[in-house]
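Overview (structure and organization)
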Amino acid sequence: MPELPEVETVRRMLAPLVTGRRLLEIEHDDPARYATAEAAVGRRVLVLRRRGKYLIFTLEGGIELIVHLGMSGSLRISEGTHTRARLEFEEATVFFNDPRRFGRLQAVPTGDYRTLPTLARMGPEPLSRGFTARVFAARLARAARPLKPALLSQEPVAGLGNIYADEALWRARLHPARPANALAPSEVRRLHRAVRAVLRRAVDRGGSTLGDGAYTRPDGEPGYFQIEHAVYGRAGEACLRCGGTIERSVLGGRSTHFCPRCQGGQAATMPTRG
DNA sequence: GCGTCGTCCTGCGCGC
DNA sequence: TGCGCGCAGGACGACG
């Protein structure tokens, strides 16, 4: 499932192919989903940037083409088995592959994210200078809910999904069910460092490609961070830090992986499943 | 305003 | 072997 490292990997590979090129045509099979993207046709790409898990093609004429890969989407330079849209640029073609159709492709006036509330409310970029422990603490303090769903909301910090939220919480030795607004300053600093460290490392490794193969780079190659996962997908296995047994629970409707021994806190109150 | 839950969608694994 | 069921996930709207 594409999170910040996967989307950043895609951006780095596609940017040289599309920057400065005109988008000539968008061909798709689903007008209900992708018709608004057609407003981007005929415009030149000024820059391809990333905000959280969103890819944003900034186009001439005050238009942005926003791409969200959902949980199974990918942008590829060759056609896949579930290609939903084909973006024809001058001298380059990009295929939007999305088996489960959770991805989005739409054009908006630059900066107008009224139809994308998560993007509009999104917290700071975790690898930017603006993401300080002080800023993070202030944003976490707004949420009374557990850390895991709070992080998935994108409001304390941008770009974390199910995998990297679990990995960051493990690195910070924080239980996923701890209320987000109840962390000590030292715990916020630990989580701040952990988020940045996990994401930096994952970007370096080209993201995570899981067994379902849902995410691959644009050239079809996998990422390699999955072999460094400490908790995600390791339920029942030994914790790499303390030797405890990794548990899988459901929190905020999402599978959550953690070590009850060294991530302490409210482990005893967590419902378990699976 | 905030948190929770259901919905969207489809490939895959599992049990029968 | 083949069928049916449940699960996985991010975003968002409805609801309390």
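Residues numbered from 1 in each chain as written. Chains lettered and ligands numbered in written order. Predicted model: local features only at pLDDT ≥ 70, side-chain atom pairs only at ≥ 80, totals over all residues. Heavy atoms only, no water.

On to the pattern of salt bridges, then. Oppositely charged side chains are able to pair whenever their charged atoms sit close together. The final tally for this structure, using the stated rule, is 22 salt bridges. In this structure, E27 engages R86 in a salt bridge whose closest nitrogen and oxygen atoms are separated by 2.8 Å. Linking E27 in strand β1 (residues 23–28) with R86 in strand β6 (residues 83–89), this pair joins segments that are 59 residues apart in sequence. When the shortest N-O distance is used, the salt bridge between E228 and R201 registers 2.8 Å. In this pair, E228 sits in the loop between α7 (185–204) and β9 (247–251) while R201 sits in helix α7, placing the two residues 27 residues apart along the sequence. Since its relative accessible area comes to 36%, R201 is described here as partly exposed. (Salt bridge = Lys/Arg side-chain N within 4 Å of Asp/Glu carboxyl O. Helix = DSSP H or I, 4+ residues; strand = E, 2+ residues; numbered from the N terminus. Buried < 20%, exposed > 50% of the residue type's maximum accessible area, 1.4 Å probe, protein only.)

With that out of the way, let us pick up the protein's contact with DNA strand C. With respect to spatial proximity, 20 residues lie near DNA strand C, and among them H68, M71, T118, R248 and R254 are the closest. Put simply, 61% of the atoms of DNA strand C that lie within 4 Å of the protein are in sugar or phosphate. Within the side chain of R104, a nitrogen or oxygen atom sits 2.8 Å from a phosphate oxygen of DNA strand C. Side-chain polar atom of T118 to a phosphate oxygen of DNA strand C: 2.3 Å apart, as the coordinates give it. Contributing elements (two or more residues each) for the surface near DNA strand C: α3 (117–120) and β10 (254–258). Considered class by class, the residues forming the surface near DNA strand C number seven nonpolar, seven polar and six charged. (Near = heavy atom within 4 Å. Polar contact = N/O pair within 3.5 Å; in protein donor to acceptor, adjacent residues only side chain to side chain. Nonpolar A, V, L, I, M, F, W, Y, C, P; charged D, E, K, R; others polar.)

With that settled, the discussion passes to the protein's contact with DNA strand B. The full set of residues close to DNA strand B is R33, H82, P99, R100, R101, F102, A143, A144 and R145. Each atom of DNA strand B within 4 Å of the protein was classed as base or backbone; sugar and phosphate made up 68%. In the environment of DNA strand B, a phosphate oxygen lies 2.5 Å from a nitrogen or oxygen atom belonging to the side chain of R101. R145 is positioned such that a nitrogen or oxygen atom in its backbone is 3.3 Å from a phosphate oxygen of DNA strand B. For the surface near DNA strand B, the class distribution of residues is four nonpolar, one polar and four charged.

This part takes up the sheet that holds strand β5 (residues 74–76). Sheet strands pair via backbone hydrogen bonds, and the direction of the pair is either parallel or antiparallel. Taken in spatial order, the four strands line up as β1-β6-β7-β5 in an open sheet, and their pairing is antiparallel. With partners counted over all chains shown, the strands left at the sheet margins are β1 and β5, one partner each. Ignoring strand direction, the axes of neighbouring strands in this sheet form an average angle of 20 degrees. Sheet analysis places β6 next to strand β7 (residues 92–97), joined by six bridges and oriented antiparallel. By the bridge assignment for β7, R86 is matched with F95. (Pairing = 2+ DSSP bridges. Axes fitted to C-alpha atoms, helices over the stretch in contact; angles between N-to-C directions.)

So, on to the side chain of T9. Tracing the backbone through its elements, the reader meets T9 in helix α1 (residues 4–18). Assessed through its relative accessible area of 8%, T9 is described here as buried. In this structure T9 touches V203, G206, G207, Y215 and R217, once residues within four positions along its chain are discounted. (Contact = heavy atoms within 4.5 Å.)

This paragraph deals with the domain arrangement of chain A. Bring the parts together and some accessible area is lost; that lost area is often taken as the interface size. Domain assignment breaks chain A into domain 1 (4–120) and domain 2 (133–269). Using only C-alpha atoms to locate each centre, domain 1 and domain 2 end up separated by 27 Å. Taken together, the contact between domain 1 and domain 2 spans 21 residues of the former and 21 residues of the latter. In this assembly, domain 1 packs against domain 2 so that about 1600 Å² is buried in total across both faces, 66% of it on carbon and sulfur atoms. Summed over the shared surface of domain 1 and domain 2, the number is four residue pairs in polar contact (both at pLDDT 80 or more). Where the side of domain 1 that touches domain 2 is concerned, the elements lending two or more residues are α1 and β5. With nine residues, the single largest contributor to the side of domain 1 that touches domain 2 is α1. Taken together, the residues of the side of domain 1 that touches domain 2 break down into eight nonpolar, six polar and seven charged. (Domains from an automatic or database assignment. Buried area = accessible area lost by both parts, 1.4 Å probe.)

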